[in-house]
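A structural walkthrough
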Amino acid sequence: MRNIILLLIISFQGYSQSLTEQQIDSIISPIPDLISNNYVDKEKGKKIAFQFLTNINSRKYHQIKHPDTLALALTKDLKKISSDGHMYVTLLTKNAKKATGTTDWETEEKALEIKLNYGFTEIQILDNNTGYLKIIEFMHPKRSMQTAVAAMKIVENTDNLIIDIRDNGGGYPGILEYIMNHYFEGPPTLLSTTYFSDPKMTPYTNYTSDLIYGKLRIGKPLYILINGNTGSASEYFAYTLQAFGKAILVGEKSAGSAHNNEYFSLTDDFRISISTAMPINEKTKTNWEQKGVIPDVHVISENAKKKALEIILNEK
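The paragraphs below set out a description of the structure included in this document. The model shown is predicted, which means the values in this text are computed figures rather than measured ones.

A few points about the environment of E262
Tracing the chain through its elements places E262 in strand β9 (residues 260-265). According to the relative accessible area criterion, E262 is partly exposed, its value standing at 39%. Sequence-wise, E262 and Y39 are 223 residues apart; in three dimensions their C-alpha atoms are separated by 9.7 Å. Not counting residues within four places of it along the chain, the set of residues in contact with E262 comprises I272, S273, I274 and T276. At 3.2 Å, the side chain of E262 and the side chain of T276 are in polar contact.

This is how it looks when you write it as structure tokens:
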């Protein structure tokens, strides 16, 4: 589950060349079949593909010459047709191409991870011995784990913890699973089962584990801040901890993007994200797709941190 918002931000930067109609045909023509063949809900996938094919046949995209503008237009229409936050088109930026001399999405991702401190942008110890972590994206666990371990070690002696995932569009599961492990003990707990668009694929079961490099936080209050830009993997994090009674959610309803996505390459450095799987929570027997994660305490986004601190103070 990759980040929706940040990927769009980094992707729509600075291409100056114009696309020919032949290039546009090459970019957009495979999209209907990719959706029809891979979308997690087969019937819905066929409807999305048919509507998008209608758009192609209208030749509306052939009037767009700038690659950035085309990616934005395709994304806007795919989201509107599907009501699915994981349906979008991205474009490799010039910076990544210049750095590698090739089309290299991994280089782009690694550069962003370093720039954003692997997602952990604020770590504080506040009044009342309250820890505060601001996580703006759950980045690749292989490269981000040391930062996650260090962050959790810094706050491990706090009595309360606030994890701020407002405007966190998602990311990879590994880091969020590591943090969740601090709130479970005993035998592995089944959290969710993920079902795939390909019926030949065995559903994936996600359990807690004893993988932590510090102290458990069993029984210590956890407050998670969310808003309308909290999406995908970060929603999984909030929804799961809420469903298992491990956290109080404060803020605004989240984006409602529960599906897992995969990327499919298109021509001219474009790629499309398509929802190919869906997680089902073991407690609720459902998920938050199009519904959003509902906070326990509703408050406007900018006041969520203040509200969480007020709750902590009142609990003393």
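Let us keep going from here.
Let's talk about the packing of aromatic side chains
One pass over the full model with this rule turns up seven aromatic pairs. Taking 6.3 Å as the distance between ring centres and 70° as the angle between the ring planes, the aromatic pair formed by Y88 and Y263 counts as edge-to-face. Note that Y88 is positioned in strand β1 (residues 88-91) and Y263 in strand β9, a separation of 175 residues in sequence. According to the relative accessible area criterion, Y88 is buried, its value standing at 0%.

Digging into the nonpolar core
Looking at soluble globular proteins, one finds that nonpolar side chains tend to be buried together. Counting residues in hydrophobic clusters, the biggest one holds 37 residues, and the most contacted among them are I165, I179, I224 and F237. At the level of elements, β3 (130-135), α8 (141-154), β4 (160-164), α9 (173-181), β7 (222-226) and α10 (233-243) are the ones that each hand at least two residues to this core. At six residues, α10 tops the list of elements feeding residues into this core. I165 has contacts with I135, F138, I224, L225, I226, T230, S234, F237 and A238, leaving out every residue within four places of it along the chain. Judged by nonpolar contacts, the second largest core, of 27 residues, contains I24, L74, M87 and V89.

Considering the sheet that holds β7
The strand order β2-β3-β4-β7-β8-β11 describes an open sheet built from six strands, whose pairing is mixed. Sheet topology places β2 (120-126) and β11 (297-298) at the edges, where each strand pairs with a single neighbour. Where β7 lies against strand β8 (residues 248-251), four bridges are found, and the strand directions are parallel. The partner of I224 across the bridge, within β8, is L249. Along the sheet, helix α11 (residues 304-315) makes contact with β2, β3, β4, β7, β8 and β11, crossing β7 at roughly 160°.

Points about α11
The terminal C-alpha atoms of α11, which comprises 12 residues, lie 17 Å apart, in line with the 16 Å expected from a rise of 1.5 Å per residue. Of the residues making up α11, those classed as buried are A304, A308, I311 and I312. Mapping the buried residues of α11 onto a view down its axis gives an arc of 100°, with all of them on the same face. Opposite the buried face of α11, at more than 90 degrees from it, the exposed residues are K306, L313 and N314.

Cut-offs used in this document
Residues numbered from 1 in each chain as written. Predicted model: local features only at pLDDT ≥ 70, side-chain atom pairs only at ≥ 80, totals over all residues. Heavy atoms only, no water. Helix = DSSP H or I, 4+ residues; strand = E, 2+ residues; numbered from the N terminus. Buried < 20%, exposed > 50% of the residue type's maximum accessible area, 1.4 Å probe, protein only. Contact = heavy atoms within 4.5 Å. Polar contact = N/O pair within 3.5 Å; in protein donor to acceptor, adjacent residues only side chain to side chain. Phe/Tyr/Trp six-rings, centres within 6.5 Å; stacked < 30°, edge-to-face > 60°. Core = buried A, V, L, I, M, F, W, Y, C linked by side-chain atoms within 4.5 Å. Pairing = 2+ DSSP bridges. Axes fitted to C-alpha atoms, helices over the stretch in contact; angles between N-to-C directions. Expected span 1.5 Å × (residues − 1). Arc of directions from axis to C-beta.

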